[in-house]
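Summary of the model geometry
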Amino acid sequence: MLLNPKSRLAPLFERLRIHYAHEHHWWPLHTHDRGYEVMLGMVLVQQTQWGTVEAAVLRILDHGYTSFTTLADADPELLAQLCKPCAFYTRKSNALIRIAQVVASQPAGFSSLVVGERGVLRESLLALPQIGRESADTVLMYGGEHPLFIVDAYARRVLARTGIYADAIDCARAPYDAIQRIVEADVGELNISTARELHAMMVEASIHHCTANNPRCARSGAVRRFVDPRKCKDHCPPCTGCPAADMCVYHSSVTKLK
Ligand code: SF4
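Rules and cut-offs
- Residues numbered from 1 in each chain as written.
- Predicted model: local features only at pLDDT ≥ 70, side-chain atom pairs only at ≥ 80, totals over all residues.
- Heavy atoms only, no water.
- Near = heavy atom within 4 Å.
- Helix = DSSP H or I, 4+ residues; strand = E, 2+ residues; numbered from the N terminus.
- Nonpolar A, V, L, I, M, F, W, Y, C, P; charged D, E, K, R; others polar.
- Buried < 20%, exposed > 50% of the residue type's maximum accessible area, 1.4 Å probe, protein only.
- Arc of directions from axis to C-beta.
- Contact = heavy atoms within 4.5 Å.
- Polar contact = N/O pair within 3.5 Å; in protein donor to acceptor, adjacent residues only side chain to side chain.
- Lys, Arg positive; Asp, Glu negative; His and termini not counted.
- Salt bridge = Lys/Arg side-chain N within 4 Å of Asp/Glu carboxyl O.
- Phe/Tyr/Trp six-rings, centres within 6.5 Å; stacked < 30°, edge-to-face > 60°.

1. A closer look at the site of the ligand
Around the ligand, the structure places R161, T162, H209, C210, P215, C217, C242, A245, C248, Y250 and H251. Counting only elements with at least two residues in the shell around the ligand, the list comes to α10 (153-162) and α13 (249-257). Residues of the shell around the ligand, tallied by class, amount to seven nonpolar, three polar and one charged.

2. So, unusual backbone geometry
Omega for the peptide link from K84 to P85 comes to 10 degrees, which places this bond in the cis form. Note that P85 resides in the loop between α5 (76-83) and α6 (89-105). A positive phi is found at Q47, a non-glycine position, where the angle reads about 55 degrees. Within the secondary structure, Q47 sits in the loop between α2 (34-45) and α3 (50-62). A positive phi angle, close to 65 degrees, is found at Q130, a residue other than glycine. Here Q130 is to be found in the loop between α8 (118-126) and α9 (133-143).

3. A word on α8
Taken together, the buried positions of α8 are occupied by L121, R122 and L125. Burial along α8 is one-sided: seen end-on, the buried residues are contained in an arc of 100 degrees. Facing away from the buried side of α8 by more than 90 degrees, the exposed set consists of V120 and E123. For α8, the secondary structure elements touched by its buried residues are α2, α7 (111-114), α9 and α11 (176-187). Two to three positions downstream of the cap, the backbone nitrogen of G119 sits 3.1 Å from a side-chain oxygen, assigning the N-cap of α8 to E117.

4. Quick look at the side chain of D152
As for its placement among the helices and strands, D152 is situated in the loop between α9 and α10. Nearest to the buried, unbridged D152 among oppositely charged side chains is R156, at 7.6 Å. D152 has contacts with E134, H199 and V203, leaving out every residue within four places of it along the chain.

5. Re the packing of aromatic side chains
Under the definition given, this model contains two aromatic pairs. Measuring from ring centre to ring centre gives 5.1 Å for Y36 and F68, while their planes differ by 80 degrees; the resulting arrangement is edge-to-face. Taken together, the residues Y36 in helix α2 and F68 in helix α4 (residues 68-72) connect sequence positions 32 residues apart. With respect to class, Y36 is no different from F68; both count as buried.

Quick look at the structure:
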């Protein structure tokens, strides 16, 4: 799982990989249907913490909604209750039913959303309710096999603070597609496992060290609790600080001020 060693991102990726190691407990976690779980997670996670999403996904599965086919016929009121307390749970549950109906109506099922040309698929995904750029790309990469760079809030924060592309773009504020183009041009051709690992590392870096407020640059990473106790189990032990501290513009500027 190596990035192009000439890319600007490679030194950061290496540090994060060594520090956090591979996180096995991504999709699928509870079924054998990666696409279904990814779609549930992507719709429910908007403005909602992952632990809340995970609990809602488990309730949905426990009530027998274990596939797009069963979800397409879900009772809207029951599904809304199962999605609670995710933000906008009624809107999200209605979106899930609508998406499931679209998938169930296709002869190729979920494959019709993720097999084909990336740009065309992305436009189709963006036409679905509650699916924005980040969700569409996540579905394409984790539900399908499209190696790409996901510009979520985690990636924006880590890239903006480390300053890796500071001379080219403002990663905190620039449009999604502009940042994605710059990163993908930098790293070149990605294989799918490296692309997924790169996204995972941005998430791990952000939830343990590069938190939104008071980043833990020179402190042990935050220990997070998830519904699934396997998640993050192997990389929450005490450490001395963020593995990117020695190459981070934000950290060096804060250190100079002290
Ligand atoms: S050194 Fe601090 S600001 Fe920089 S990436 Fe790490 S946690 Fe974030």
